[in-house]
Structure formats: structure tokens, C-alpha cells
Amino acid sequence: MKRRYIVCFDDLTPEQEKLVTEFMKEKKLAWWHWIGDTWFAVDAIGKYSANIIRDELMEIVKERLVVVELNEEKDTWAGVRVKDPDKKMFTWFKNVWKK
């Protein structure tokens with residue numbers, strides 16, 4: 001089953017941006033990257049989940065990362081929280097996105 005993702009970062013370095021693009025190529029994801037630190041990606045065979053993509057991208061970027069997965073059955077998301085002692089960064093996703 002085809003899966004679609006929106007992958008967003010905050011303030012990547014040029015080297016990190018290059019590594020994320022290489023990641024997309026290595027995983028054989030079709031991707032579009034024309035806006036800042038955001039990639040739209042498609043997994044044509046449905047091999048990956050938002051969690052898997054997030055976990056593997058954390059090897060490149062340790063903070064401020066969110067992966068939104070859209071597919072025919074449901075949508076989901078996975079993120080990385082940093083510098084958020086009150087744990088508010090993903091409140092909107094938990095309270096609004098899934099409603």
C-alpha cells in the first residue's frame with residue numbers, strides 16, 4: 001500500500017539537508033523538496049512507517065523533527081521533542097489533528 005509523508009525539520013545545516021536528500025534516495029522514496037526544511041515523500045510499496053522514518057532520520061538530525069504519514073487507511077505522525085519541558089510541542093497534533 002502506498003504511503004505518503006510530510007517530513008519537516010527546523011533550521012537544517014546545508015550538510016544535514018544534503019544527508020536528508022541522500023536518505024530519501026537511499027530508501028527509494030519519491031520526494032519533492034522546494035520549500036525550506038520540508039520534504040514531501042512517497043513510499044510506493046508501503047515499506048516504511050512514520051516511526052521508522054523518524055527514527056532513521058534522527059541519526060542525521062536530533063531535534064525538531066516531525067513526520068506526518070498519510071495513507072489510504074489512516075494518517076499518523078511521529079515527532080522528536082526537544083527544549084520543551086512543559087511537553088507542549090505536540091499538543092496540537094494530539095488534540096486537533098486526530099479529531
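Remember, it's a predicted structure, so these values are computed and weren't measured experimentally.

Thresholds, definitions, all that
Residues numbered from 1 in each chain as written. Predicted model: local features only at pLDDT ≥ 70, side-chain atom pairs only at ≥ 80, totals over all residues. Heavy atoms only, no water. Helix = DSSP H or I, 4+ residues; strand = E, 2+ residues; numbered from the N terminus. Rg over C-alpha atoms; globule rule 2.2 N^0.38 Å. Buried < 20%, exposed > 50% of the residue type's maximum accessible area, 1.4 Å probe, protein only. Contact = heavy atoms within 4.5 Å. Areas by Shrake-Rupley, 256 points an atom, 1.4 Å probe, with all protein chains shown as cover. Lys, Arg positive; Asp, Glu negative; His and termini not counted. Charge placed at Lys NZ, Arg CZ, Asp CG, Glu CD. Patch = residues over 30% accessible without salt bridge, like charges linked within 9 Å, V, L, I, M, F, W, Y side chains within 5 Å. Salt bridge = Lys/Arg side-chain N within 4 Å of Asp/Glu carboxyl O. Arc of directions from axis to C-beta.

1. Brief notes about the overall build of the chain
Inference 1: Assigned secondary structure in the chain consists of three helices and five strands.
Inference 2: Scanning the chain from its N terminus toward the C terminus, one meets helices and strands in the order β-α-β-β-α-β-β-α.
Inference 3: Its C-alpha atoms give the chain a radius of gyration of 13 Å, near enough to 13 Å, the size a compact globule of 99 residues would have.
Inference 4: For the chain, the proportion of its 99 residues judged to be buried stands at 38%.
Inference 5: Sequence-distant contacts, at least 24 apart, represent 57% of the contacts inside the chain between residues at least 6 apart.
Inference 6: Element-wise, carbon and sulfur atoms account for 53% of the exposed surface of the chain, whose accessible area totals about 6500 Å².
Inference 7: Measuring between centres, the 19 positive side-chain charges of the chain sit 5 Å from its 18 negative side-chain charges.

2. Description of a nonpolar patch on the surface
Inference 1: Nonpolar side chains collect at one region of the surface, where Trp32, Trp34, Ile35 and Phe40 lie side by side and expose about 500 Å² of accessible area between them.
Inference 2: With three residues, the single largest contributor to the nonpolar patch is strand β2 (residues 30–35).

3. Considerations on helix α2 (residues 50–57)
Inference 1: For α2, every residue scored as buried is listed here: Ala50, Ile53, Arg54 and Leu57. The arc that holds every buried residue of α2, seen down its axis, measures 100°, which confines them to one face.

4. Some remarks on the pattern of salt bridges
Inference 1: Applying the stated criterion across every chain yields a total of four salt bridges.
Inference 2: One salt bridge in this structure joins Arg64 and Asp10, with 3.7 Å as the shortest N-O distance. Taken together, the residues Arg64 in the loop between α2 and β4 (65–71) and Asp10 in the loop between β1 (3–9) and α1 (14–26) connect sequence positions 54 residues apart.
Inference 3: Of the charged contacts in the structure, one is a salt bridge between Asp55 and Arg54, with a shortest N-O distance of 2.9 Å.
Inference 4: For Asp55, a relative accessible area of 39% gives the class partly exposed.

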